[in-house]
Amino acid sequence: MPRLLSVWASLVIATSLATAQGPSLGELSRRLRAPKLSDTERAEVVEGLLGHGTKGAHVVARKLSADGKAQASKFEKARKSFFKSFDKLARKLIKDRSKGKQQEIESLRSVVMKNARNRSLDKSTIRGESDPAVARLRELLAVESDDVLHEHDELLASLDKTEELLDELEELGYLWGETESVLTSSDGPDRVIAKLKAPANAEALRKTLYDDLKFHALLATPMSSGDAELFQWHRTLTEELDDAEREGVRTLNHLLVVLGRPALKVDPKLVIAARDHSKDMERLNFFSHTSPVPGKRSFGQRASKAGTSASSENIARGQRTGRGAIRGWWYSPGHHRNMLGSHRRVGLGRDEGTWTQLFGG
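A. Molecular detail of the packing of aromatic side chains. Applying the stated criterion to the full structure yields 3 aromatic pairs. Centre to centre, the rings of Phe82 and Phe83 are 5.1 Å apart; their planes meet at 65°, and the pair counts as edge-to-face. The residues Phe82 and Phe83 share a single accessibility class, namely buried. Summarising the aromatic geometry, the rings of Phe83 and Phe86 are spaced 6.4 Å apart at their centres and angled 80° between planes, so their arrangement reads as edge-to-face. You can see Phe83 and its partner Phe86 sitting in helix α4 (residues 54-98), 3 residues apart, about one turn around the helix. For the pair shown, Phe83 and Phe86 are each scored as buried. Linked through ring pairs, Phe82, Phe83 and Phe86 together constitute an aromatic cluster. Across from the ring centre of Tyr331, 4.1 Å away, lies the NZ or CZ of Arg127, which sits over that ring.

Written as structure tokens, this is what we have:
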């Protein structure tokens, strides 16, 4: 039986403890403070205390708040320890894979970049020559998180331990919700619980943990410190980029570093110009680099209107994800050349399934 269902079953069974003939408030309070309570024991004690009304609920709320803080601290310590080991082992795995293969790596990169500079490039060349070269480069220079985890049992054990701490936080959060229900009335929240900090949201922390896992795997690819800082910085642009746009930027930049090229810096003004063109194409039902909107006819005008400059533009329609947009442009020779051109800045903006990508020097 899942742990939360087990706790719930215990809460239902333990209702009888909340009668007048059950344990006293003081006895239950002492039991709640006892070290190493099992999940079932704690659930029973909490239910008993909640049966004593507001006073019992205040005891529970204070204890859950303190336990939640301690558990969150343990989780953060375990998380940091896990990623310290993960980063070291991920880089070692790539180093071992690529050892003695630098000449092959440079040759593969040369194939892709030579094709990108060829004005006669077509889709069959991309599929027949560039794709195999990129696939081999990824084998040598990139890892998935599972590649690293399955190579090291101790790393899996560390992740399991971190997960267990989240399970504990999840149960504290459930009990907090039960306590909050007792203390919440039509007059508003209880003053005591309003001053306390609820246990951290285990579901949100779990999502962040696995998002971080993918990100740390990506950063294991050999790159300059400046490129690594760009990847980190782009991750903080939560207002400037939505999740799909961020995914597209990250997909392109990871491809570039695998190819030995510098990552492109996001220019928020190019993002604004790109997103605006995508919106115009959706709103006015056209699909072109030339806009019918006065003052925004060319991508240069659109970039200037946003307060920046641009040297080339890609557009796409029908892709649901940023990764999908990059993949679509990869197999379109003109867009392919743009993505692998000599740029320093990039902006990616979408509206629904319409995408615009702008590049700048």
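B. Looking closely at helix α2 (residues 25-32). Within α2, the full set of buried residues consists of Leu28, Ser29 and Leu32. Buried residues of α2, viewed axially, fall in a sector of 105°; they line one side. Against α3 (39-50) and α4 lie the buried residues of α2.

C. Seen up close, the packing of α2 against α4. Interhelical geometry of α2 versus α4 gives an angle of 10° and a closest axis separation of 11 Å. Taken together, α2 and α4 sit at an angle that is classed as roughly parallel. When α2 is examined against α4, the residues Leu25, Ser29 and Leu32 are found in contact with a partner set consisting of Lys55, Gly56, Val59, Val60 and Lys63. For the contact of α2 with α4, the per-class residue count stands at 4 nonpolar, 2 polar and 2 charged.

D. Local environment of unusual backbone geometry. We note that Lys36 has phi near 60°; this positive angle belongs to a residue other than glycine. By the element assignment, Lys36 lies in the loop between α2 and α3. By relative accessible area, which is 83% here, Lys36 ends up exposed. Although it is not a glycine, Asn285 adopts a positive phi angle of roughly 60°. Take Asn285: it is sitting in the loop between α13 (268-284) and α14 (299-305).

E. Structural detail: the sheet that holds strand β3 (residues 345-351). Pairing in this open sheet of 4 strands is mixed, and the strands run β1-β3-β4-β2 from one edge to the other. With partners counted over all chains shown, the strands left at the sheet margins are β1 (265-266) and β2 (312-317), one partner each. Bridge analysis of β3 against strand β4 (residues 354-360) gives 7 bridges, and the strand direction is antiparallel. In the strand pairing of β4, Asp351 is matched with Thr354. Against the sheet, helix α12 (residues 243-258) touches β1, β3 and β4, its axis set at about 145° to β3.

F. Representation of the packing of α12 against helix α15 (residues 322-330) in the model. One can describe the packing of α12 onto α15 by two numbers: an axis separation of 7 Å at closest approach and a directional angle of 45°. Compared by their axis directions, α12 and α15 come out oblique. On the side of α12, the interface is formed by Ala244, Glu247, Gly248, Thr251, Leu252 and Leu255, while α15 contributes Gly322, Arg323, Ile326 and Trp330. Of the residues assigned to the contact of α12 with α15, the class counts are 5 nonpolar, 3 polar and 2 charged.

G. Region of interest: the environment of Thr356. Among the secondary structure elements, Thr356 is positioned in strand β4. You can call Thr356 buried: its relative accessible area is 0%. For the pair Thr356 and Met281, spaced 75 residues apart in the sequence, the C-alpha separation amounts to 9.7 Å. Not counting residues within four places of it along the chain, the set of residues in contact with Thr356 comprises Ala274, His277, Ser278, Met281, Glu313, Asn314, Ile315, Trp329, Gly347, Leu348 and Gly349. Only 3.4 Å separates the side chain of Thr356 from the backbone oxygen of Ala274, close enough to count as a polar contact. At 2.9 Å, the side chain of Thr356 and the side chain of Ser278 are in polar contact.

Parameters and conventions
Residues numbered from 1 in each chain as written. Predicted model: local features only at pLDDT ≥ 70, side-chain atom pairs only at ≥ 80, totals over all residues. Heavy atoms only, no water. Phe/Tyr/Trp six-rings, centres within 6.5 Å; stacked < 30°, edge-to-face > 60°. Buried < 20%, exposed > 50% of the residue type's maximum accessible area, 1.4 Å probe, protein only. Helix = DSSP H or I, 4+ residues; strand = E, 2+ residues; numbered from the N terminus. Lys NZ or Arg CZ within 6 Å of the ring centre and 35° of its normal. Arc of directions from axis to C-beta. Contact = heavy atoms within 4.5 Å. Axes fitted to C-alpha atoms, helices over the stretch in contact; angles between N-to-C directions. Parallel < 35°, antiparallel > 145°, perpendicular 65-115°, else oblique. Nonpolar A, V, L, I, M, F, W, Y, C, P; charged D, E, K, R; others polar. Pairing = 2+ DSSP bridges. Polar contact = N/O pair within 3.5 Å; in protein donor to acceptor, adjacent residues only side chain to side chain.

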